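Summary of the model geometry
Chain by chain, the residues run as shown.
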Amino acid sequence: MSRYAWMVVRAYLPALLALALAVIGMTWTSVSGNVHALSPLVPYVKWLPPIALLAALVAGLVATLRLWRWQSGKTPLCAGCGGPLGRLQQGPQGSYRKCLACGARQAP
């Protein structure tokens, strides 16, 4: 995989993890509803899938908008690889932005 493909995977990873949590929560509530010892927890855990699906939707939208802004040239670009730069961070040598594709640090 290229560095841009890994960048896209890292961008959508939080959304995929939230989606996996929603699937696990749905499976758990459907399976544990028949188990007498776990049935008291089902009313509380049944809220986990909708919340996780909402989190997956928001994380996916944020990643999509961030990548769309990079493709349209509205974000700062890395001088080395042309990838998008992350948020402004403070370091010991001053402020910098980190490239989301290659990981290089650049002064703002």
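Below you will find a few notes about this structure. In this text, all values refer to a predicted model and were calculated from it rather than measured experimentally. (Residues numbered from 1 in each chain as written. Predicted model: local features only at pLDDT ≥ 70, side-chain atom pairs only at ≥ 80, totals over all residues. Heavy atoms only, no water.)

Further remarks concern the state of the cysteines. Tallied over the entire structure, the rule returns 0 disulfides. Of all cysteine sulfurs in the structure, the one in Cys 99 sits closest to Cys 78, which takes part in no disulfide; the separation is 3.8 Å. Looking at the unpaired Cys 102, the closest cysteine sulfur is the one in Cys 99, lying at 3.6 Å. Under the relative-accessibility criterion, Cys 102 is labelled partly exposed at 35%. (Disulfide = S-S within 2.5 Å. Buried < 20%, exposed > 50% of the residue type's maximum accessible area, 1.4 Å probe, protein only.)

Pairing of strand E1 (residues 85–91) with strand E2 (residues 94–99), which is carried by 5 bridges, proceeds in the antiparallel orientation. Bridged to Gly 91 within E2 is Gly 94. Taking the residues that link successive antiparallel strands as the turn, the E1-E2 hairpin has 2 residues. (Pairing = 2+ DSSP bridges. Helix = DSSP H or I, 4+ residues; strand = E, 2+ residues; numbered from the N terminus.)

Turning our attention to helix H3 (residues 48–71). Here H3 is 24 residues long and its end C-alpha atoms lie 34 Å apart, about the 34 Å a rise of 1.5 Å per residue gives. If you check which residues of H3 are buried, you get Pro 49, Ala 52, Ala 56, Gly 60, Ala 63, Leu 67 and Trp 70. Tucked into the core, H3 has its buried residues touching helix H1 (3–32) and helix H2 (42–45). Count one or two residues on from H3 and you reach Gly 73, which has phi positive near 80°. (Expected span 1.5 Å × (residues − 1). Contact = heavy atoms within 4.5 Å.)

Turning next to the packing of aromatic side chains. Geometrically, a pair of aromatic rings is defined through the distance of the ring centres and the angle of the planes. As enumerated under the stated definition, the model contains 1 aromatic pair in all. For the pair Tyr 4 and Trp 70, a centre-to-centre distance of 5.7 Å together with 20° between the ring planes defines the contact as stacked. A residue pair is termed long-range when its members are at least 10 positions apart, and Tyr 4 in helix H1 and Trp 70 in helix H3 qualify at 66 residues. Residue class for Trp 70 comes out buried when judged on its relative accessible area of 14%. Directly above the ring of Tyr 96 sits Arg 105, whose terminal nitrogen or CZ lies 4.5 Å from the centroid. (Phe/Tyr/Trp six-rings, centres within 6.5 Å; stacked < 30°, edge-to-face > 60°. Lys NZ or Arg CZ within 6 Å of the ring centre and 35° of its normal.)

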